[in-house]
Amino acid sequence: MMRRREFISLLGGAAAAWPFAARAQQGERMRRIGVLMPLAEDDPEGQSRLRAFVQGLQQLGWTDGRNLRIDIRWGAGDAERIRRYAAELAALAPDVVLSAASASTAAAIEATRTVPIVFVNVADPVGAGYVNSLARSSPWRRPSALS
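Heads up: these notes are all about the structure in this document. If you're wondering where the values come from, they're calculated on a predicted model, not measured in any experiment.

### Brief notes about the overall build of the chain
Looking only at helices and strands, the chain features four helices and four strands. In sequence order, the chain lays out its α and β elements as α-β-α-β-α-β-α-β. Within the span of the chain, comprising 147 residues, buried residues form 29% of the whole. Of all intrachain contacts in the chain linking residues separated by at least 6 positions in sequence, the fraction that spans at least 24 positions is 51%. Carbon and sulfur atoms make up 55% of the accessible area of the chain, which totals about 9,700 Å².

Rendered as structure tokens:
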């Protein structure tokens with residue numbers, strides 16, 4: 001049988017630990033990444049690149065559905081669809097947008113001025129007007145083609 005002193009100590013310890021347990025259960029907020037791919041969803045190259053991206057995130061401790069949400073949109077080479085999906089992703093207010101290729105990067109820049117955009121597979125981002133310089137991180141400017 002538990003004595004009164006042991007019971008009070010147990011109760012006091014549980015009460016003292018409760019805020020820490022509650023904080024641990026809350027965890028950190030779920031981060032959100034928007035991915036804008038110009039390819040079709042069933043494109044093997046696009047799937048391979050997306051798989052590599054997700055695996056890289058997992059190696060860094062980010063897991064879709066646990067501490068990260070990845071919203072993927074596939075443009076299937078359709079410029080209007082890419083613009084529509086860029087606006088849709090921007091409306092979700094992700095922490096960052098990943099765009100692959102010039103068409104999706106231009107659409108992402110057009111869709112948001114507040115969400116950071118990371119782009120890949122862009123041959124000349126300075127010439128296209130996506131960034132001022134590659135020398136260091138700098139604010140990007142609106143491409144002249146989109147003005």
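Next comes the rest of the description.
### Quick word on the pattern of salt bridges
Under the criterion given, the structure shown has seven salt bridges. Linking R29 and D95 is a salt bridge whose minimum nitrogen-to-oxygen distance equals 2.7 Å. Taken together, the positions of R29 in the loop between α1 (4-26) and β1 (31-37) and D95 in the loop between α3 (79-91) and β3 (96-100) put the pair 66 residues apart, joining distant regions of the chain. Owing to a relative accessible area of 28%, D95 belongs among the partly exposed residues under this scheme. As a salt-bridge pair, R32 and D71 come within 2.5 Å of each other at their nearest N and O atoms. Here R32, found in strand β1, pairs with D71, found in strand β2 (residues 68-74); they are 39 residues apart in sequence, far enough to count as distant. Here D71 falls in the buried class, since its relative accessible area comes to 4%.

Rules and cut-offs
Residues numbered from 1 in each chain as written. Predicted model: local features only at pLDDT ≥ 70, side-chain atom pairs only at ≥ 80, totals over all residues. Heavy atoms only, no water. Helix = DSSP H or I, 4+ residues; strand = E, 2+ residues; numbered from the N terminus. Buried < 20%, exposed > 50% of the residue type's maximum accessible area, 1.4 Å probe, protein only. Contact = heavy atoms within 4.5 Å. Areas by Shrake-Rupley, 256 points an atom, 1.4 Å probe, with all protein chains shown as cover. Salt bridge = Lys/Arg side-chain N within 4 Å of Asp/Glu carboxyl O.

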